[in-house]
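Given next are the chains, with one letter for each unit.
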Amino acid sequence: MFDREAYNKRVEWYQDARFGMFIHWGLYAILARGEWVRSTEEMPEEEYLPFFDEFDPVDYDPKKWARAAKEAGMKYAVLTAKHHDGFCLFDSKLTDFKATNTKAKRDLVAEYLDAFRAEGIKVGLYYSIIDWHHPDYPHYGDRIHPMRNCEAEKDVERDFNRYLEYMHGQVKELCTQYGKLDVMWFDFSYDNMRGETWRATDLVNMIRSYQPDVIIDNRLEVSGEGFGSLATDNPNVYSGDFVSPEQIIPPQGIKSESGRDLVWEACITMNDNWGYCAKDKNFKPASMIIKKLVECVSKNGNMLLNVGPDAKGNIPEESMQILKEIGRWMSKNGNSIYGCKGSSLPKPENGRITRNGNKLYYHVMENSIGGVPLFGISRDQVKSVRLLADGSELKISDSWMASNYPDVVFVDISSTPYLPDEVDTVVEITLKDAV
Ligand code: GLC
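Treat the numbers as computed from the prediction; the structure is a model and nothing was measured.

Colleague: Even after reading the chapter, I still don't get the overall build of the protein chain, so can you show me in this structure?
Modeller: Helix and strand counts for the protein chain stand at 11 helices and 14 strands. Since a compact globule built from 435 residues should have a radius of gyration of about 22 Å, the 24 Å found for the protein chain is in line with a globular shape. Along the first, second and third principal axes, the C-alpha atoms of the protein chain reach 85 × 50 × 40 Å. For the protein chain, with 435 residues in total, the buried portion stands at 55%. Pairs at least 24 apart in sequence give 70% of the contacts found in the protein chain among residues at least 6 apart. Just so you have it, the protein chain exposes about 18,800 Å², and 48% of that area is on carbon and sulfur atoms.

Here it is, written out as structure tokens:
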């Protein structure tokens, strides 16, 4: 039976954290056309292996990554220990296809974990349950394998159980050789490749025996689509702990069938690729990402924002700039994100609302003429109103122009046409009673 009390306790830190860094990194960074390159170009292994011999991330310094994450206000991180191409950034005893056998000669996962933990950032690992390198993973006729259309692979004998042993063995290595992990992020199920096909009950029971507090995503059961049995009152052992919408923010948050708020995390790229893509300069502005993070929190969700370091181990300059800008806003306004949830008030037309106990964070994203109306709030509920960025008092407006609207609270935020923060000016409203 599902233990809801244990579950609620397990996901507590994660819901408070709200903002994390996703890191997609591997051999594919050399090809610089995204992490699916082998599949999209139906590239045979012998064309991919030369990149294994070449891999030499001379600039890899995870302390730099960790500092960038910390400055951006991120509270947890998830690194691809193995992606679909099967290449392992960690020193697995079960394969030769790993970073320690490249020119890097280092366990890149171990170093990442040390660096992020040292900055006080919770650590997670992404592990692909799909594997395009393992000989026993379905090739011909699979929906996405690079060799899916290769007739020569058709009659090759493969033993899927042997693959499962390998996959379970690697997950065990990750759970036993690297200290406490905070998140395990599996990717992904599709068609009949889901749930018990992965021997998912055994897998999760094994993981929890070594890492009782780890938070697991829901993709042993689903792809990025579908919420899985988490949305029922009695989830499966392998339903995971959170729903993982990808490249979308659920329009109204996500609720269970019986109307409970579900724990979810939107994973979002900064440009249009997860893995490094040299030509993809379609970066979202920091201002948009800040607003989208606020949107996630106002709908009770997290945001996992991706970076795709290049072949040498550098996070692209554009991404570093974006992280810096987000960090500037977060350093002043983090209290409106961490530990916050949505409020029961409807979304106001000039912004969004997040909430932490008796504090309402009114994110003003559009200025007004005269006082700014704080929709949904009445004067007698309010104990104080402050500008979150500097703690200064904001006066409730008593101007004659507002007198026609006695039920609306107006505050004077700015004496110029511009909001103090044009992206999102956060007004902290302390209520007399929690709502
Ligand atoms: C997808 C892709 C993958 C990426 C992941 C992140 O499902 O297969 O490349 O790692 O989404 O959510």
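Colleague: Looking at this model, I keep getting lost on the environment of L394. Mind explaining?
Modeller: Summarising the element assignment, L394 is placed in the loop between β12 (382-387) and β13 (409-411). Separated by 19 residues in the primary sequence, L394 and I413 have C-alpha atoms spaced 6.4 Å apart. Ignoring any residue separated from it by four or fewer positions in sequence, one finds L394 in contact with V385, R386, L387, D412, I413 and V427.

Colleague: Would you mind going over the site of the ligand with me for this structure?
Modeller: Of all residues adjacent to the ligand, which total 14 residues, the nearest are H24, E35, H83, H84 and E246. In the model, an oxygen atom of the ligand is placed 2.5 Å from a nitrogen or oxygen of the H24 side chain. One nitrogen or oxygen atom from the side chain of W36 is found 2.9 Å from an oxygen atom belonging to the ligand. Across the complex, the protein chains shield 94% of the 310 Å² of accessible surface that the ligand would expose by itself. Tallied by class, the residues present in the shell around the ligand amount to 7 nonpolar, 3 polar and 4 charged.

Colleague: Any chance you could explain the sheet that holds β12 here in plain terms?
Modeller: Pairing between the strands of a sheet is mediated by backbone hydrogen bonds and can be parallel or antiparallel. Pairing in this open sheet of 5 strands is antiparallel, and the strands run β8-β9-β10-β14-β12 from one edge to the other. Whereas interior strands pair on both sides, the edge strands pair on one side only; in this sheet they are β8 (341-342) and β12. Across 2 bridges, β8 lies against strand β9 (residues 351-356) in antiparallel orientation. Across the sheet, the residue bridging to G342 is T354, located in β9. Across the sheet, helix α10 (residues 286-298) lies against β8, β9 and β10 (359-364), angled at about 55 degrees from β9, the strand it touches most.

Colleague: Even after reading the chapter, I still don't get helix α5 (residues 45-54), so can you show me in this structure?
Modeller: Given 3.6 residues to a turn, an α-helix orients residues that are three or four positions apart in the same direction. The complete set of buried residues in α5 reads E45, Y48 and F52. Take α5 and look down its axis: the buried residues cluster within an arc of 70 degrees, on one side only. Seen from the buried face of α5, the exposed residues on the opposite side, beyond 90 degrees, are E46 and D53. Tucked into the core, α5 has its buried residues touching α3 (28-31) and α4 (37-40).

Colleague: Where do I start with the pattern of salt bridges in this structure?
Modeller: Side chains that carry opposite charge are capable of pairing whenever their charged atoms lie near each other. Evaluated as defined, the whole model comprises 25 salt bridges. A salt bridge links R260 to D233; the shortest N-O distance between them is 2.5 Å. Residue R260 is found in the loop between β5 (215-216) and β6 (264-269), and its partner D233 is found in the loop between β5 and β6; the two are separated by 27 residues along the sequence.

Colleague: I tried to follow empty space enclosed by the protein on my own but got confused; where do I start?
Modeller: Using a probe with the size of a water molecule, rolled over the atoms, empty space left in the structure can be pinpointed. Enumeration according to the criterion identifies 1 cavity of 30 Å³ or more in this entry. Estimates place the volume of the largest cavity at around 120 Å³. In terms of lining, the largest cavity is formed by 17 residues, of which the most central are N271, F283, G308, P316 and S319. Among the secondary structure elements, those contributing two or more residues to the lining of the largest cavity are β7 (301-307) and α11 (317-333).

Colleague: Please clarify how the domain arrangement of the protein chain should be interpreted in this entry.
Modeller: In many analyses, interface size is given as the accessible surface area lost on bringing the parts together. Partitioning the protein chain into structural domains gives domain 1 (4-334) and domain 2 (343-431). Just the C-alpha atoms count here: the centres of domain 1 and domain 2 sit 38 Å apart. Facing the 11 residues of domain 1 at the interface are 11 residues of domain 2. For the interface between domain 1 and domain 2, the tally reads 1 salt bridge. Close ionic contact of R352 with E295 constitutes a salt bridge, the shortest N to O distance being 3.5 Å. Where domain 1 packs against domain 2, one counts 2 residue pairs in polar contact (both at pLDDT 80 or more). Elements supplying a minimum of two residues to the side of domain 1 that touches domain 2: α10 and α11. With 7 residues, α10 is the largest single contributor of residues to the side of domain 1 that touches domain 2. Residues belonging to the side of domain 1 that touches domain 2 are distributed by class as follows: 4 nonpolar, 3 polar and 4 charged.

Cut-off values and rules
- Residues numbered from 1 in each chain as written.
- Predicted model: local features only at pLDDT ≥ 70, side-chain atom pairs only at ≥ 80, totals over all residues.
- Heavy atoms only, no water.
- Helix = DSSP H or I, 4+ residues; strand = E, 2+ residues; numbered from the N terminus.
- Rg over C-alpha atoms; globule rule 2.2 N^0.38 Å.
- Buried < 20%, exposed > 50% of the residue type's maximum accessible area, 1.4 Å probe, protein only.
- Contact = heavy atoms within 4.5 Å.
- Areas by Shrake-Rupley, 256 points an atom, 1.4 Å probe, with all protein chains shown as cover.
- Near = heavy atom within 4 Å.
- Polar contact = N/O pair within 3.5 Å; in protein donor to acceptor, adjacent residues only side chain to side chain.
- Nonpolar A, V, L, I, M, F, W, Y, C, P; charged D, E, K, R; others polar.
- Pairing = 2+ DSSP bridges.
- Axes fitted to C-alpha atoms, helices over the stretch in contact; angles between N-to-C directions.
- Arc of directions from axis to C-beta.
- Salt bridge = Lys/Arg side-chain N within 4 Å of Asp/Glu carboxyl O.
- 1 Å grid on protein atoms, 1.4 Å probe; cavity = no way out; pocket = protein on both sides within 12 Å on 5 of 7 lines; lining within 4 Å.
- Points joined across faces, edges and corners; volume = space filled by probe spheres on them.
- Domains from an automatic or database assignment.

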